[in-house]
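This is what each chain is made of:
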Amino acid sequence: MKLYYSSGACSLASHIVLFASGLPFSAESVSLRDVPHTTAGGADFTAINPKGYVPALQLDNGELLTEGVAIMQYIADQVPDKQLAPANGTLPRYRLQEWLNFISTEVHKNFSPIFSGKTDEVKEDAWARLQPRFALLQAQLEKTPYLLGSQFSVADAYLFTCLSWAQYLQRSLAAYPALLAFLKRVAELPATQQALKAEGLLK
């Protein structure tokens, strides 16, 4: 398999999950600032993924899988013994999907205007919308070390990635100590360390 990623972007979650899976894979960075977007090898990324954004996973059979939520679950299902996702058809699996959808629509997308908003007002409004989402996550992570309980899952890789953007954007999470503890906990996992180093985010 081959992962197309951009350093520090939402594709970091898929990168973490790939390392956690132990499966063989290669990875190629994509410059999202270039127009058209280009891979480290000089290819037009939109010719690989017409959606034009990361992550994208080239499967061993040649097919391309896109969307991080789908990619992470696909990887997890290749290695069920790693327990990166509960078994399909079980209520815990739907709880995982519940968290993945919440992170995608309520956390990830509300960070986007802070990165790209044209005015401070737009950015502050987005940060304000994130506060009740952070409060909900805080309540969960006060009870359990990971979103689904004691076991790290693909949802934690995704949440870690999104929450890590706060520091990059110089936004404080001090009001949410459980989130800070969660970030530290996930950052220390070997798979996270490997992904951060691979993306040049950790020396």
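Just above sits the structure.
Residues numbered from 1 in each chain as written. Predicted model: local features only at pLDDT ≥ 70, side-chain atom pairs only at ≥ 80, totals over all residues. Heavy atoms only, no water.

Participant: Which residues make up the layout of surface pockets, and what values go with them?
Facilitator: Empty space among the atoms becomes apparent when a probe as large as a water molecule is rolled across them. Estimates place the volume of the largest pocket at around 1400 Å³. Across the lining of the largest pocket, the residue classes tally to 25 nonpolar, 12 polar and four charged. (1 Å grid on protein atoms, 1.4 Å probe; cavity = no way out; pocket = protein on both sides within 12 Å on 5 of 7 lines; lining within 4 Å. Points joined across faces, edges and corners; volume = space filled by probe spheres on them. Nonpolar A, V, L, I, M, F, W, Y, C, P; charged D, E, K, R; others polar.)

Participant: Mind laying out the pattern of salt bridges, listing which residues take part and the relevant values?
Facilitator: Pairs may arise between side chains of opposite charge once their charged atoms sit close together. Evaluated as defined, the whole model comprises seven salt bridges. Its salt-bridge partner being glutamate 188, residue lysine 184 comes within 2.7 Å of it at the nearest N-O pair. Take lysine 184: its relative accessible area is 53%, and that puts it in the exposed class. (Salt bridge = Lys/Arg side-chain N within 4 Å of Asp/Glu carboxyl O. Buried < 20%, exposed > 50% of the residue type's maximum accessible area, 1.4 Å probe, protein only.)

Participant: Residue-level account of the sheet that holds strand E2 (residues 26-31), with values.
Facilitator: Strand order in this open sheet of five strands is E3-E2-E1-E4-E5, and the pairing throughout is mixed. The sheet is open, and its two borders are formed by strand E3 (38-39) and strand E5 (64-66), each paired with just one other strand. Sheet topology places strand E1 (residues 2-5) next to strand E4 (residues 56-58); three bridges connect them, and they run antiparallel. Paired with leucine 3 across the two strands is leucine 57, which belongs to E4. Packing against the sheet, helix H1 (residues 11-21) makes contact with E1, E2 and E4, and its axis sits at approximately 150° to E1. (Pairing = 2+ DSSP bridges. Helix = DSSP H or I, 4+ residues; strand = E, 2+ residues; numbered from the N terminus. Contact = heavy atoms within 4.5 Å. Axes fitted to C-alpha atoms, helices over the stretch in contact; angles between N-to-C directions.)

Participant: Talk me through the environment of leucine 3; I want residue IDs and the actual numbers.
Facilitator: Relative to the helices and strands, leucine 3 is located in strand E1. For leucine 3 and leucine 59, which are 56 residues apart along the polypeptide, the C-alpha to C-alpha distance reads 8.9 Å.

Participant: Hey, could you go over the environment of glutamine 194 for me, with residue numbers and the actual values?
Facilitator: By secondary structure assignment, the location of glutamine 194 is in helix H8 (residues 190-198). As a C-alpha pair, glutamine 194 and histidine 15 span 179 residues in sequence and 8.8 Å in three-dimensional space.

Participant: Can you explain the environment of leucine 84? Please cite residues and give values.
Facilitator: Secondary-structure assignment places leucine 84 in the loop between helix H3 (68-78) and helix H4 (91-116). Separated by 73 residues in sequence, leucine 84 and alanine 157 place their C-alpha atoms 9.8 Å apart. Apart from the residues within four sequence positions on either side, leucine 84 is in contact with Val17, Ala20, Ser21, Ala76, Val79, Phe152, Ser153 and Val154.

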